[in-house]
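# Observations on chain architecture
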Amino acid sequence: MRIVLLGSPGSGKGTQACKIITKYNIPHISTGDIFRDNIKRQTEIGIEAKKFIDKGLLVPDELTLQIVEDRFDQPDCAAGFLLDGFPRTLVQAEALEKEMISTGKKLDAVVNLEVNDDTIIRRMTGRRVCSKCGATYNLMYNKPIVDETCDKCGGSLYVRDDDKIETVTNRLKVYKTETQPLIDFYRDRGILITVNGEQDAEVVFQNISKALEQF
Ligand code: ADP
Ligand code: AMP
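Just so it is clear, the structure is predicted and the values come from calculations on it, not from any experiment.

### Here's the deal with the overall build of the protein
From N to C terminus, the protein includes nine helices and eight strands. For 215 residues, the compact-globule estimate of 2.2 N^0.38 gives 17 Å, and the protein sits close to it at 17 Å. Taking the principal axes of the C-alpha coordinates as reference, the protein spans close to 45 × 40 × 35 Å. The buried share among the 215 residues of the protein stands at 47%.

### A short note on the layout of surface pockets
As a volume, the second largest pocket reaches approximately 160 Å³. Surrounding the second largest pocket, Ala93, Leu96, Glu97, Met100, Ile101, Lys105, Lys106, Leu107, Phe185, Tyr186, Arg189 and Ile191 form its lining. Of all elements in the fold, only helix H5 (90–102) and helix H8 (181–188) reach the threshold of two or more residues within the lining of the second largest pocket. Split into classes, the residues belonging to the lining of the second largest pocket amount to eight nonpolar, no polar and four charged.

### Details of the site of ligand 1
Near ligand 1, the surroundings consist of 19 residues, among which Gly10, Thr15, Arg127, Tyr137 and Gln199 are the closest. Interatomic distance of 2.7 Å between a side-chain N/O atom of Arg127 and an oxygen atom of ligand 1. Ala201 is positioned with one of its backbone polar atoms (N or O) 3.3 Å from a nitrogen atom of ligand 1. Contact with the protein chains hides 92% of the accessible area of ligand 1, taken as 560 Å² for the molecule alone.

Scoring rules and cut-offs
Residues numbered from 1 in each chain as written. Chains lettered and ligands numbered in written order. Predicted model: local features only at pLDDT ≥ 70, side-chain atom pairs only at ≥ 80, totals over all residues. Heavy atoms only, no water. Helix = DSSP H or I, 4+ residues; strand = E, 2+ residues; numbered from the N terminus. Rg over C-alpha atoms; globule rule 2.2 N^0.38 Å. Buried < 20%, exposed > 50% of the residue type's maximum accessible area, 1.4 Å probe, protein only. 1 Å grid on protein atoms, 1.4 Å probe; cavity = no way out; pocket = protein on both sides within 12 Å on 5 of 7 lines; lining within 4 Å. Points joined across faces, edges and corners; volume = space filled by probe spheres on them. Nonpolar A, V, L, I, M, F, W, Y, C, P; charged D, E, K, R; others polar. Near = heavy atom within 4 Å. Polar contact = N/O pair within 3.5 Å; in protein donor to acceptor, adjacent residues only side chain to side chain. Areas by Shrake-Rupley, 256 points an atom, 1.4 Å probe, with all protein chains shown as cover.

Interpretation note: all reported values are geometric properties and have no functional meaning in isolation.
Below, the structure written as structure tokens:
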């Protein structure tokens, strides 16, 4: 399967990605995670990307396309993948389409998670991420058993720099102008699945699974 997860920041893409990759046994490609890993390791890519991420802006297409192309070159992508947070602009969507055509592959489905802005703001300000394994929690909806500690690996939880309220507002604006047009782009290609992302994460996953069975 080759699947794209679309949706505003905080709509639950990462949460659903973990469930989908386990079911379909495909690699999880999160451009946000790749950038955060580069920032942690202070690579050239990380230093450049951080300038944009901290302001709630998108990293320029050229740099983003470079990290995705490098990731596609890894052998685990041959049989399928789940893209989370990519593409986010029409330029990226067109580049992905070209890549699929040139390699004789096709995207199977694009899952669009619909969540309203008030919920997004609540979710992002309550988000906590494990500094060791990257697992995501939420202080309101999905608390760890022990405060500030990851249930899975015992790592300490942190607040993402770009989850501050000022940055969240900016990211939502950028989503509407840059990323929302992709909904029509993929609807026109007949591969768009829209799912109500407001429900409990397990219910959202069941609805995604049902919809994917048709593809
Ligand atoms: P994204 O990858 O789209 O930015 P995440 O999966 O990180 O979103 O989810 C954002 C926050 O909302 C996290 O704190 C996560 O635990 C929480 N969350 C995700 N899905 C749901 C849901 N269906 N209901 C309530 N909270 C959720
Ligand atoms: P995410 O973890 O998907 O919310 O991404 C965190 C941040 O990384 C975003 O707010 C952007 O600044 C940057 N980013 C991630 N993916 C992309 C992309 N496809 N294009 C441009 N910037 C991206």
